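# Structural description and commentary
Residue-level listing of the chains:
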Amino acid sequence: RSALYLTPCRCSGVGLALCRRLLEEDGRIHLCIACRNAEKSEATRNLILAAHPAAQVSTVEVDLGNLASVLRVTRELRCRFQRLDFVYLNAGIMPNPHVNFKALWHGLLTGRVLHMLTTAEGIMTQTDRLNGDGLQEVFATNLFGHFILVRQLESLLCGNEKPSRLIWTSSSNARESAFSLSDYQHAKGQESYSSSKYATDLTSVVLNRKFNKQGLYSSVVCPGLVMSNMTYRILPVFLWKLLMPIMWLIRFFAKTYTLTPYNGAEAHVWLFKQKPEYLDALVKYHSCTSGLGKNYVEPRKIDVDEETAEKLYQKLLELEKQALERYSDLLD
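Each value, and the rule that gives it
- All residue numbers refer to position in the chain's written sequence, counted from 1.
- Thresholds applied to this predicted model are a pLDDT of at least 70 for local features of residues and 80 or more for the giving and counting of side-chain atom pairs; totals over whole chains, interfaces and linings are not thresholded and use all residues.
- Note: side-chain values were computed over all heavy atoms of the structure, leaving out hydrogens and water.
- Runs of E in the DSSP output that reach at least two residues are strands. Runs of H or I that reach at least four are helices, and both are numbered from the N terminus.
- The cut-offs for exposure are 20% and 50% of the maximum accessible area for each residue type, with area from a 1.4 Å probe on protein chains only; residues under the lower value are buried, those over the upper are exposed, and the others partly exposed.
- Contacts are residue-level and defined by heavy atoms, with any inter-residue pair within 4.5 Å sufficient.
- Methods summary: accessible areas were calculated by the Shrake-Rupley approach with a probe of 1.4 Å, and residue burial reflects only the protein chains presented.
- Any two strands are treated as partners once DSSP identifies two or more bridges connecting them.
- Here the term right-handed applies to a crossover when the path leading from its first strand over the helix to its second strand runs clockwise, the strands being oriented away from the viewer.
- To estimate the expected span of a helix, subtract one from its residue number and multiply by 1.5 Å.
- Two axes enter the bend calculation: one fitted to the seven residues ending at the residue in question, the other to the seven starting there, and the bend is the angle between them.
- Helix axes are fitted only over the stretch in contact, all axes being lines through C-alpha atoms; the angle between N-to-C directions runs from 0 to 180 degrees.
- Roughly parallel means an angle under 35 degrees; roughly antiparallel means over 145; roughly perpendicular covers 65 to 115; every other angle is labelled oblique.
- Crossing chirality is assigned from the near helix's rotation relative to the far helix, an anticlockwise turn below a right angle marking it left-handed and a clockwise turn marking it right-handed.
- Throughout, the ten residues Ala, Val, Leu, Ile, Met, Phe, Trp, Tyr, Cys and Pro are labelled nonpolar, Asp, Glu, Lys and Arg are labelled charged, and all others, Gly among them, are labelled polar.
- Here is the rule: rings of Phe, Tyr and Trp (six-membered ring for Trp) pair when centre to centre is within 6.5 Å. Planes less than 30 degrees apart are stacked, more than 60 are edge-to-face, and the remainder are tilted.
- Any carboxyl oxygen of Asp or Glu that lies within 4 Å of a side-chain nitrogen of Lys or Arg is treated as forming a salt bridge with it.

## Thoughts on the overall build of the protein
Scanning the protein from N- to C-terminus turns up 13 helices and 10 strands. In the protein, buried positions account for 56% of the 332 residues. Of the contacts formed within the protein by residues at least 6 apart in sequence, a portion of 74% connects residues at least 24 apart. Of the roughly 15000 Å² of accessible surface on the protein, a fraction of 53% belongs to carbon and sulfur atoms.

The following block contains the structure:
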């Protein structure tokens, strides 16, 4: 079987681990790596080919936070490929993260610290900003850029002989309390990452309702707490090194402390092997690792209101219409 896979990723962390693990599952696939840095994507391609010299690996350059870049790459992909079997929507940013140590201490005193450490609820904030398109940067990169990409690739994803799959990297930090329909770009809050991931969950639910009959299925996964470039920006590296022994111990009580990118990609790879018709559209698939290092996948119901999901989808369509009018010269 020859298939095509698009992996918008940071060319490191879970994205790189996922690419390697997919080829371990099926060396016949055509893997297309989408990354915003051409040099890094080529370096990633070389790393993958060093381990899998016979693999079909190509690259495209795209910045998911730049609408013009997204429209250019979708036009290129439509020219290069006839269909896409899987699209792993894994790109994401968490700019200027800050830890609220006062809230963490309060969680320790009230017995909620384990919950806070596994979800970052109440202890993690970010400082967002507008991008060149006039959109909130986190919303644009983590959700809207992916949404536009999917919409522009419908001809490669729908109506094929076999189902096509969208697999979004969400988070246990995706919380309804951080999201508001009246401020769906999260311009007024300080939890833009959580808001964008909750919006991702909502979007996936609606996409299934809209496109399952056309052979397109959407799922969301959580990689757990993975030590990656994004994570290392939250605290100084020396502090992470001091905390690592404690984190390994916490994993006996918090199974979502996957810690390594290989472990974090467990749910992504598990979904690769499933028949989408039998999956629950209202479930998020969590990568988990036991205290003794065994990887497994745990399905958990998504805390979403389907009416809210539909309203968000309509807002995304309105925003898409404005974007396409602005960049009409990049459309076929």
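We are not done yet, so read on.
## Quick look at the pairing of strand β2 (residues 30-35)
Counting buried residues along β2, 6 of its 6 residues qualify, which places the element largely inside the surrounding structure. Of the two faces of β2, the one holding His30, Cys32 and Ala34 and the one holding Leu31, Ile33 and Cys35 are both buried throughout. Two strands pair when backbone bridges link them, and β2 and strand β3 (residues 56-61) are joined in this way by 6 bridges, in the parallel orientation. Note on β3: the bridge partner recorded for Leu31 is Val57. Taking the sense of rotation as the criterion, the β-α-β connection linking β2, helix α2 (residues 38-51) and β3 turns out right-handed.

## What to know about helix α10 (residues 237-250)
When the terminal C-alpha atoms of α10 are compared, their 19 Å separation across 14 residues agrees well with the 20 Å that a helix rising 1.5 Å per residue should span. The largest bend in α10 is about 45°, located at Met244, with the proline Pro245 one to four residues further on. Where α10 is concerned, the buried positions are Trp240, Met244, Met247 and Ile250.

## Focus: the packing of helix α6 (residues 137-152) against helix α8 (residues 192-211)
Between α6 and α8, whose axes approach to 8 Å, the crossing angle comes to 20°. By the criterion of interaxial angle, the relationship of α6 to α8 is roughly parallel. The interaxial crossing formed by α6 with α8 has right-handed handedness. Together, Val138, Asn142, Leu143, Phe147 and Arg151 of α6 and Ser192, Tyr193, Ser196, Lys197, Ala199, Thr200, Thr203 and Phe211 of α8 make up the contact between the two elements. Per-class residue counts for the contact of α6 with α8 are 6 nonpolar, 5 polar and 2 charged.

## Topic: helix α1 (residues 13-25)
Between the first and last C-alpha of α1 there are 19 Å, a value that for 13 residues agrees with the 18 Å anticipated at 1.5 Å per step. Within the sequence span of α1, burial applies to Val14, Gly15, Leu16, Ala17, Leu18, Cys19, Arg21, Leu22 and Leu23.

## With respect to the packing of aromatic side chains
Tallying each qualifying case throughout the model produces 8 aromatic pairs. Their ring planes at 15° and their centres at 5.8 Å tell us that Phe86 and Tyr88 sit as a pair that is stacked. Classification of Phe86 by relative accessible area gives buried; the value is 6%. Note on Phe86 and Phe272: the rings are 5.4 Å apart at their centroids and 50° apart in plane angle, and the pair reads as tilted.

## Regarding unusual backbone geometry
Not every positive phi belongs to a glycine, and His186 is a case in point at roughly 60°. Within the secondary structure layout, His186 lies in the loop between β7 (164-169) and α8. The backbone of Leu259 sits at a positive phi, close to 70°, despite the residue not being glycine. If you trace the backbone, Leu259 turns up in the loop between α10 and α11 (261-264). When its relative accessible area of 3% is taken as the criterion, Leu259 is described as buried.

## Some remarks on the pattern of salt bridges
It is possible for side chains of opposite charge to pair when their charged atoms get near one another. By the definition in use, this model includes 19 salt bridges. Between Lys255 and Glu298 there is a salt bridge, and its shortest N-O distance comes to 2.8 Å. With Lys255 in the loop between α10 and α11 and Glu298 in strand β10 (residues 295-301), this pair connects stretches of sequence that are 43 residues apart. For Lys255, a relative accessible area of 33% translates into the label partly exposed. For Glu298, a relative accessible area of 18% corresponds to the buried category. Where salt bridges share partners, they join Arg209, Lys210, Glu306 and Glu310 into one cluster.

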